[in-house]
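# Structural description and commentary
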Amino acid sequence: MRVDSNPTGNFAREPDGHYTPLFVKMRPSLYRTNVFRVLGIPVDATASDIRRQANMVQKSLALGLPIPSGPSPLPLETPADAASVGEALQRLGDPEQRLLEELFWLWPSQTGQSRNDAALTALTRGDVSEAVRVWHRMQDGVGLHNLAVLAHTRALDLEATEQDRGLTSAEETLRDHLWSEALQHWKALVDEEAFWHCFTARIHDLDDPRLPVNTAKRVRASLPPALLAINAQFVMQHREGTPLSDQQRHLRLITESGFPLQAGEEALQMSLEPVRQHLQGLCRNAAAEANEDPRHADDITERLLDKSGPLLALLDSLPIRTPMCDALHDEVAQSALDSLYAVDQYAQEADQRPEAAKHVYELLRRIEPIPASVALRRHIQERVQEGEEFLGVGPEWETCWFCSASKPESAATCSVPMVRGRRVVASRTIVRVPRCGTCLRWHVRAQSIAGVIAMISNLLVVIYLVRRPSGPWWGYIFELVMGWFEVRLFVSITIKILVGSIKDQDAVKKYPAVVRHKKDGWALGEGLKEAIGFWLGAKTTIR
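The structure displayed is predicted, hence computed values, not measured ones. (Residues numbered from 1 in each chain as written. Predicted model: local features only at pLDDT ≥ 70, side-chain atom pairs only at ≥ 80, totals over all residues. Heavy atoms only, no water.)

On to the overall build of the chain. Helices and strands together make up the secondary structure of the chain, namely 22 helices and three strands. Buried residues in the chain amount to 46% of all 543 residues. For the chain, the proportion of contacts with a sequence separation of at least 24, taken over those separated by at least 6, is 73%. (Helix = DSSP H or I, 4+ residues; strand = E, 2+ residues; numbered from the N terminus. Buried < 20%, exposed > 50% of the residue type's maximum accessible area, 1.4 Å probe, protein only. Contact = heavy atoms within 4.5 Å.)

Here is the structure:
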């Protein structure tokens, strides 16, 4: 798959003030689709030369013969097809398109003398070194332009070859050298006044009202980010099996190109569009699949994270951080979270939540670092904490909450019922507190003894009140209340003595998860049964 398979949709809007037609052309196929290379004609071809070539193409198509092309300094490995040739001929009729096609092809030292140009003739017979020597000796900017085009063309040809069959180590070395050379020459060309005088003169020669007088100035100003936009597309490309090192290589070329930092940032910003479309497509597909098959929504979420991970890592590696990057991180995180809601809802309805909870928790841990939004990340962290509480994992589950020494045991976990709301609309949940077996045995023993003591004490208070001498009614009330407080105090002291240094069960009120629930509006207990149990001194609220 070519990275420029979408020739009209690889860019977001180009920066304000830049020359739009130039950015539209900047694709990795820039030179493979150049009209002069496709047709095999020089940049100074006359109208009669072009008509002659068009007639030859039409005759070849009519006879079913291969499409002929003239001698070219850098011929295509695979001859162009009829569609490519027809499109090339059509672009030549547009003066703006022709001007840009000429900019990205080889020029003769003198206009109208391409057939007799020493460097182009040497390159046509395959003598690259001789052509380079000739252009290095030229002083009018044309030689520098041709050196930039030559190195750029060969570098992009090797990139295309790598996608087709891979490269040898020698070819990879040559490719890297050509990239550095091409960007170096283009950087020098932007500052070369002699070349831009020639370019302006060419605009005057075309003498077309569709080419305003400031075209050369706009092209010159737009050239740095436009050139780097090709490398940015390689950075942003996403193909199965594409090593991240290739993307990092092009990112390094951008940062080391010598062009202003702003040019590289603009190029990367424009090339984010295909990544955005790909990530949003993954999110839409995941949402649709999770809606159709909520039972396996956790697997769908996992696939979404696997596929989006390399792209998000690519965005994180960029030297710029744009609002679009942050929005894409949040969109992937929210989409993954929505899919997990689907599987969680299904698991609760099917009474399979314990089986699904572990996988959901693992996925939540993968989602947690993705969002850029503080609010969304906090929400996911809360879900992670809920998963840790439900599964009994995480830092808070490394030691028993009550003795802070032993390792918790799942069978000894302390369950704290909590409620939010009133009556039939109330929501209920269970907060699990880590506890070891030793603490459980002490709590059970202390609760049993405390319950017996409470019943005996309450009975003694009642007997005392029945047998006490008569007196004012408020005296009974006062003594009843005081007796109740004395019983509660006695029970608390007894429990403290029995459990020693171990926290009693009331300590769950200070457990972090319980505190977090209270801040969210939850209250301890399930209702009237716990209130009665508390009154009698039997702490049945916490088990």
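It is characteristic of soluble globular proteins that their nonpolar side chains tend to be buried jointly. Ranked by size, the top nonpolar core spans 110 residues in total, and within it Phe104, Trp186 and Phe199 carry the most contacts. Per-element accounting of this core gives the leading share, twelve residues, to helix α11 (residues 215-236). Those residues in contact with Phe104 that lie beyond four places of it in its chain are Leu22, Met26, Leu30, Tyr31, Asn34, Val149, Trp186, Leu223 and Leu227. (Core = buried A, V, L, I, M, F, W, Y, C linked by side-chain atoms within 4.5 Å.)

With that settled, the discussion passes to helix α14 (residues 273-292). The end-to-end C-alpha separation of α14 is 29 Å, in line with the 28 Å expected for 20 residues at 1.5 Å each. The complete set of buried residues in α14 reads Glu273, Val275, Leu279, Gln280, Gly281, Leu282, Cys283, Ala286 and Ala290. (Expected span 1.5 Å × (residues − 1).)

Glancing now at the packing of α14 against helix α15 (residues 297-317). Taken N-terminus to C-terminus, the directions of α14 and α15 make an angle of 170°; their axes are 9 Å apart at the nearest point. For the element pair α14 / α15, the angle class is roughly antiparallel. Seen from α14, the contacting residues are Val275, His278, Leu279, Leu282, Cys283, Ala286, Glu289 and Ala290; seen from α15, they are Ala297, Ile300, Arg303, Leu304, Lys307, Ser308, Leu311, Leu312 and Leu315. (Axes fitted to C-alpha atoms, helices over the stretch in contact; angles between N-to-C directions. Parallel < 35°, antiparallel > 145°, perpendicular 65-115°, else oblique.)

The next point concerns the environment of Leu74. Turning to its location among the elements, Leu74 is positioned in the loop between α3 (47-63) and α4 (82-92). Leu74 sits in the buried class, given a relative accessible area of 13%. The spacing of Leu74 and Leu106 is 32 residues in sequence and 9.5 Å in space, taken between C-alpha atoms. In contact with Leu74, other than residues within four places in its own chain, are Arg37, Trp105, Leu106, Leu123, Leu150 and Thr153.

It is worth spelling out the sheet that holds strand β3 (residues 523-524) at this point. In sheet architecture, strand pairing relies on hydrogen bonds along the backbone and comes in two forms, parallel and antiparallel. Ordered by their spatial adjacency, three strands build an open sheet running β2-β1-β3, and the pairing between neighbours is antiparallel. Strands with a single pairing partner mark the edges of an open sheet, and in this sheet they are β2 (427-433) and β3. Two elements, strand β1 (residues 414-420) and β3, share two bridges in a ladder whose sense is antiparallel. Looking at β3, one finds that Met418 is bridged to Leu524. (Pairing = 2+ DSSP bridges.)

Time to look at unusual backbone geometry. Excluding glycine, residues mostly carry a negative phi; peptide bonds, for their part, are mostly trans. With a phi close to 45°, Asp207 is a non-glycine residue in the positive phi region. By the secondary structure assignment, Asp207 is in the loop between α10 (193-206) and α11. The exposed category is assigned to Asp207, whose relative accessible area is 65%. Of note in this structure, Ser404 is not a glycine but carries a positive phi near 55°. If you trace the backbone, Ser404 turns up in the loop between α18 (374-391) and β1.

Before going further, it helps to spend a moment on the pattern of salt bridges. All told, the structure shown has 22 salt bridges when counted by the stated rule. A salt bridge links Arg133 to Glu130, with the nearest nitrogen and oxygen atoms 2.8 Å apart. Note that Arg133 and Glu130 are positioned in helix α7 (residues 128-137) at a spacing of three residues, about one turn of the helix. Residue class for Arg133 comes out partly exposed when judged on its relative accessible area of 43%. Here Glu130 falls in the partly exposed class, since its relative accessible area comes to 23%. (Salt bridge = Lys/Arg side-chain N within 4 Å of Asp/Glu carboxyl O.)

All right, on to the packing of aromatic side chains then. Evaluated as defined, the whole model comprises seven aromatic pairs. Between Phe104 and Trp186, the ring centres sit 5.7 Å apart and the planes meet at 55°, which makes this aromatic pair tilted. Of this pair, Phe104 sits in the loop between α5 (95-103) and α6 (118-124) while Trp186 is found in helix α9 (residues 169-190), placing the two residues 82 residues apart along the sequence. Across this residue pair, the class does not change: Phe104 and Trp186 are buried. (Phe/Tyr/Trp six-rings, centres within 6.5 Å; stacked < 30°, edge-to-face > 60°.)

In this fold, Glu101 is placed in helix α5. Here the side chain of Glu101 touches Val35 through a polar contact of 3.2 Å, landing on its backbone nitrogen. In this structure Glu101 touches Lys25, Thr33, Asn34, Val35, Phe36 and Arg91, once residues within four positions along its chain are discounted. (Polar contact = N/O pair within 3.5 Å; in protein donor to acceptor, adjacent residues only side chain to side chain.)

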